[in-house]
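Per-entry structural report
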Amino acid sequence: MKKILILFAVALIGFASCADSKQSITITVTNPLALERVGEMVEVPMSDVVAKLKLADTAQIVVLDVDGQQMPYQVTYDEKVVFPATVEANGTTVYTIQPGTPAPFDVVACGKYYPERLDDVAWENDLGGFRAYGPALQARGERGFGYDLFTKYNTTEPILESLYAEELNPEKRAKIAELKKTDPKAASELQKAISYHIDHGYGMDCYAVGPTLGAGVAALMAGDTIIYPYCYRTQEILDNGPLRFTVKLEFNPLVVRGDSNVVETRVISLDAGSYLNKTIVSYTNLKEAMPVTTGLVLREPDGATVADAANGYITYVDPTTDRSGANGKIFVGAAFPAQVKEAKVVLLSEKEKKERGGADGHVLAISEYEPGSEYTYYWGSAWDKAAIKTPDAWNKYMAEYAQKLRTPLTVAY
């Protein structure tokens with residue numbers, strides 16, 4: 001298993017000197033909800049830790065639980081100490097930050113840019129994996145607008161790098177090409193053996209995206225028309241574990257109401273222990289307020305959906321690419337910390353279905369985007385071969401997740 005030892009340097013502030021080993025900060029995390037919060041990431045500004053502990057520029061810290069045991073933590077690109085907190089319903093839990101030598105932590109949330117696979121950016125945590133399509137895919141004329149996902153089970157370790165390595169193995173792909181000339185059956189068997197579209201015991205890609213919003217992409221709307229974003233233009237990985245993966249994606253200019261210079265930027269982060277990605281979307285050069293929607297593609301006109309604007313979440317039970325049921329069901333959803341204007345199922349006409357690769361429609365959550373603002377929401381998935389087995393369990397998770405977003409943990413120190 002990958003390990004990472006958190007080592008970092010912080011700027012010397014004023015007359016800061018080496019901290020006394022007994023110095024510490026008490027972090028009190030309070031849960032105002034009647035729901036237990038397990039492994040939910042909390043944040044403390046690194047600047048506050050530096051100031052309160054009077055840290056020297058080579059100092060290290062540890063985060064301790066109530067029993068004095070070290071907690072995994074990460075210092076993020078935006079200079080926050082993040083660690084997972086568990087707090088009982090309507091309860092309080094106390095953690096401590098102090099100078100010390102951190103233990104090695106398992107890498108749980110991580111990702112990578114794959115230029116060898118048409119510029120995919122793919123990332124994962126202990127519960128699932130996701131990817132965004134890049135400029136090389138767009139250059140081929142493929143229309144992959146939405147987020148894709150990878151199911152995952154039987155392990156909490158990172159698997160995507162190994163899945164990509166097998167899928168793209170040049171020697172095996174050359175062998176497959178050669179076998180197709182002489183032994184098509186053997187070629188097919190070898191292709192199945194290396195494909196991440198086949199479950200080899202840890203998960204797979206069995207989700208269809210195409211020219212749709214996929215598993216939760218956001219898009220501006222002109223009236224009732226979705227302005228579909230294409231593949232990203234540039235990518236920058238900002239955090240890469242052990243507890244949080246963050247990537248910044250910038251897109252080619254969109255044509256919006258005659259203006260061809262509206263540029264979308266997304267900052268996507270996935271924390272250990274969460275089924276959902278946090279995404280912050282902004283649009284530069286947009287001149288007026290417009291509706292913005294988050295969508296989940298429908299692969300059945302009568303599929304099991306929830307569109308709950310009042311409680312701030314949408315869900316869909318996806319049949320996977322294998323309609324026989326062999327690959328189980330994928331639960332997809334999105335949750336919203338701010339009030340949603342409208343949530344609904346929108347089915348496509350026969351003409352639109354052809355344009356959208358056979359998709360039947362979307363579950364949409366519609367809000368209003370003001371120029372210069374940020375649109376924040378959460379999206380993700382689970383698989384019924386893993387921990388969440390039923391649509392009811394997924395809907396409960398999503399409803400509670402939305403409730404937690406609207407009533408966050410409070411952190412005092």
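Residues numbered from 1 in each chain as written. Predicted model: local features only at pLDDT ≥ 70, side-chain atom pairs only at ≥ 80, totals over all residues. Heavy atoms only, no water.

1. Some thoughts on the nonpolar core
Core analysis: the biggest nonpolar cluster contains 64 residues, and Trp 123, Leu 220, Tyr 283 and Trp 379 have the highest contact counts within it. The next biggest cluster of nonpolar side chains, apart from the first, holds 23 residues, and it includes Val 42, Val 50, Phe 83 and Phe 105. (Core = buried A, V, L, I, M, F, W, Y, C linked by side-chain atoms within 4.5 Å. Buried < 20%, exposed > 50% of the residue type's maximum accessible area, 1.4 Å probe, protein only.)

2. Here we look at the domain arrangement of the chain
Structurally, the chain comprises domain 1 (25-105) and domain 2 (110-157 + 203-410). For domain 1 and domain 2, the distance between their C-alpha centres works out to 30 Å. If you sort the residues of domain 1 by the area they bury against domain 2, Met 41, Gln 74 and Tyr 77 come out on top, with a joint share of 35%. Here domain 1 and domain 2 share one salt bridge between them. Viewed at the interface, domain 2 and domain 1 are joined by eight residue pairs in polar contact (both at pLDDT 80 or more). At the level of elements, β2 (25-30), β3 (37-45) and β7 (80-87) are the ones that each hand at least two residues to the side of domain 1 that touches domain 2. (Domains from an automatic or database assignment. Buried area = accessible area lost by both parts, 1.4 Å probe. Salt bridge = Lys/Arg side-chain N within 4 Å of Asp/Glu carboxyl O. Polar contact = N/O pair within 3.5 Å; in protein donor to acceptor, adjacent residues only side chain to side chain. Helix = DSSP H or I, 4+ residues; strand = E, 2+ residues; numbered from the N terminus.)

3. Considerations on the environment of Asp 67
Positionally, Asp 67 belongs in the loop between β4 (61-64) and β5 (70-71). Note on Asp 67: relative accessible area 62%, which makes it exposed. For the pair Asp 67 and Val 94, spaced 27 residues apart in sequence, the C-alpha to C-alpha distance is 9.8 Å.

4. As for the sheet that holds strand β12 (residues 129-132)
Ordered in space as β10-β11-β12-β13, the four strands form an open sheet in which the pairing is antiparallel. One side of each edge strand has no neighbouring strand; the edge strands of this open sheet are β10 (110-114) and β13 (148-150). Neighbour-to-neighbour, the strand axes of the sheet open up by a mean angle of 20°, direction not taken into account. Where helix α3 (residues 160-167) meets the sheet, its contacts fall on β10, β11 (120-124), β12 and β13, and the angle it forms with β11 comes to roughly 140°. (Pairing = 2+ DSSP bridges. Axes fitted to C-alpha atoms, helices over the stretch in contact; angles between N-to-C directions. Contact = heavy atoms within 4.5 Å.)

5. Comments concerning the pattern of salt bridges
A complete count under the given rule lists 22 salt bridges for this structure. The shortest N-O distance in the salt bridge between Glu 43 and Arg 244 comes to 2.9 Å. Taken together, the residues span a long stretch of sequence, with Glu 43 in strand β3 and Arg 244 in strand β17 (residues 244-251) at a distance of 201 residues. For Glu 43, a relative accessible area of 31% puts it in the partly exposed group. A relative accessible area of 10% means that Arg 244 is categorised as buried. One salt bridge connects Lys 172 with Glu 166, and the closest N-O pair in it is separated by 3.1 Å.

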